[in-house]
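Commentary on secondary and tertiary structure
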Amino acid sequence: MKKINIGLIGYGFMGRTHSNAFRQAPVFFKHGHQPVLKAVCGRNAEQAQAFAQNWGYESVETDWRKLIARSDIDLIDIATPNNLHFEMAIEAAKAGKMVMCEKPLAMNAAEAEQMVSAVEKAKVPNMVWYNYRRVPAVTLAKQLIDQGKLGKIFHYRAKFLQDWTINADVPQGGTGTWRLDASVSGSGVTGDLLAHCIDTAMWLNGGIDTVTAATETFVKERKHAVTGKMQEVKIDDASAVLARFTNGSLATFESTRYARGHKALYTFEINGENASIFWDLHDLHRLQYFDYRDASVTRGWRSIHVSDGDQPYMKNWWVPGLQIGYEHTFTHQFADFVAGLDEGKNAAPDFRDGLKTDYVTDAILRSAQSGRWENAKGRA
Ligand SMILES: NC(=O)c1ccc[n+]([C@@H]2O[C@H](COP(=O)([O-])OP(=O)(O)OC[C@H]3O[C@@H](n4cnc5c(N)ncnc54)[C@H](O)[C@@H]3O)[C@@H](O)[C@H]2O)c1
């Protein structure tokens, strides 16, 4: 059993989900590599220490450059705000470390291109944490599509809705609200929420060629948590997109943090000539499936409870009928990454896949400015 010494940067929300995955994956999925929680890095030594103790990390660093320079670290896991991904990933690749990076891969596609070059030049295993691919019901959707069950696909419809920034007193910048500061996040809901929808969509339904979009910033000025001053808000609060896939299908995507009543409503629906699929994050273990080829008297939407041993990932968990949840998507992704190491290949999505999503989100933001259809397959 080969050891993988992990150095995690960032001990916030994603630092927790990843740490949980590192602990659970080797217990539930048997592979030839054993993760070791070697070090966690955060700027506050006391908080980093408390995190290390809670999750079982052997050591703590407060300077990410020192962590990357350590010879006893094999893999750098980046779970920091978006503006830090670029420098950290490039440094890690240069140091010959494997790199796992949170999404969106970068602030924009120009940065992401350099990150792809860095990991490919260094030939280091790499992955982006688009975790929703690993919801068993979503993986089942992929299998059904790949088996041709839907036939020709006409429509892809996805949305990701939240409601936590409606209050104009929510600040921008700082801990917890860095997502509202464009200099840290790169963009608003397009890079944060819609990026998930785009990644899943391209995985399920192939590449996106062109997009046209409208975005809106509903609250134009917010106090900055660090400077204390009222400053212009430069993120998109809401994003509405039309897209054309290479396979000829048409898509609508929507994301906002102004949908009162929705905490994290990520849904998608796919309509093919023979069948349709619907999935909802709030009911994540179910896949809704309609097949026109069923006998007409009993034809209708089926609600598939994805919890049986022959359904994706489920044989590694409990007994048939018992469902799993959000945290398992990260465990599955890390388990697949380790399986990739055993086989000498990257688990998808790798940095190159993450770049493709950045091309689409950049094109969406460009179109919102230009009012035109924009190429989503590369940089303008
Ligand atoms: N895959 C998903 O579903 C998902 C969900 C949430 C967030 N994310 C992504 O994960 C990343 C982190 O988001 P989060 O919600 O965990 O944020 P968070 O604010 O909860 O945590 C960020 C962490 O980074 C640390 N950090 C900031 N600057 C640092 C520095 N210079 N050196 C070391 N540590 C530093 C902070 O102290 C904090 O521990 C973002 O890129 C975000 O887009 C992905």
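Residues numbered from 1 in each chain as written. Predicted model: local features only at pLDDT ≥ 70, side-chain atom pairs only at ≥ 80, totals over all residues.

1. Thoughts on the overall build of the protein chain
Counting its secondary structure elements, the protein chain contains 10 helices and 17 strands. Its C-alpha atoms give the protein chain a radius of gyration of 21 Å, within 12% of the compact-globule value 21 Å for 380 residues. Principal-axis analysis of the C-alpha atoms gives the protein chain an extent of 65 × 55 × 40 Å. Buried positions account for 48% of the 380 residues belonging to the protein chain. Sequence-distant contacts in the protein chain: of pairs separated by 6 or more residues, those separated by 24 or more amount to 68%. (Helix = DSSP H or I, 4+ residues; strand = E, 2+ residues; numbered from the N terminus. Rg over C-alpha atoms; globule rule 2.2 N^0.38 Å. Buried ≥ 20, exposed ≤ 12 C-beta atoms within 10 Å, placed from the backbone. Contact = placed C-beta atoms within 7 Å.)

2. Brief notes about the site of the ligand
The full set close to the ligand counts 21 residues, and G10, G12, F13, M14 and E102 are the nearest of them. Per-class residue counts for the shell around the ligand are 10 nonpolar, seven polar and four charged. (Near = placed C-beta within 6 Å. Nonpolar A, V, L, I, M, F, W, Y, C, P; charged D, E, K, R; others polar.)

3. Considering the sheet that holds strand β14 (residues 275-280)
One open sheet accounts for nine strands, arranged β16-β15-β14-β13-β7-β12-β11-β8-β17; its pairing is mixed. Either end of the sheet is taken by a strand with one partner, and the two such strands are β16 (302-305) and β17 (374-375). Sheet topology note: the strand β8 (residues 208-216)/β17 ladder contains two bridges and is antiparallel. Across the sheet, the residue bridging to T210 is N375, located in β17. Where helix α10 (residues 351-370) meets the sheet, it contacts β8, β11 (238-245) and β17, and its direction lies at approximately 55 degrees from that of β8. (Pairing = 2+ DSSP bridges. Axes fitted to C-alpha atoms, helices over the stretch in contact; angles between N-to-C directions.)

4. A look at the pairing of strand β13 (residues 265-272)
Burial of the side chains of β13 is restricted to one face: Y266, F268, I270 and G272 are buried, whereas none of L265, T267, E269 and N271 on the reverse face is. As paired elements, strand β7 (residues 153-161) and β13 share eight bridges and run antiparallel to each other. Directly across from F160, in β13, lies its bridge partner Y266. Direction of pairing for β13 relative to β14: antiparallel, over a ladder of five bridges. Residue T267 lies in a different strand from β14, and its bridge partner there is D280.

That is the geometry; function is a separate question.
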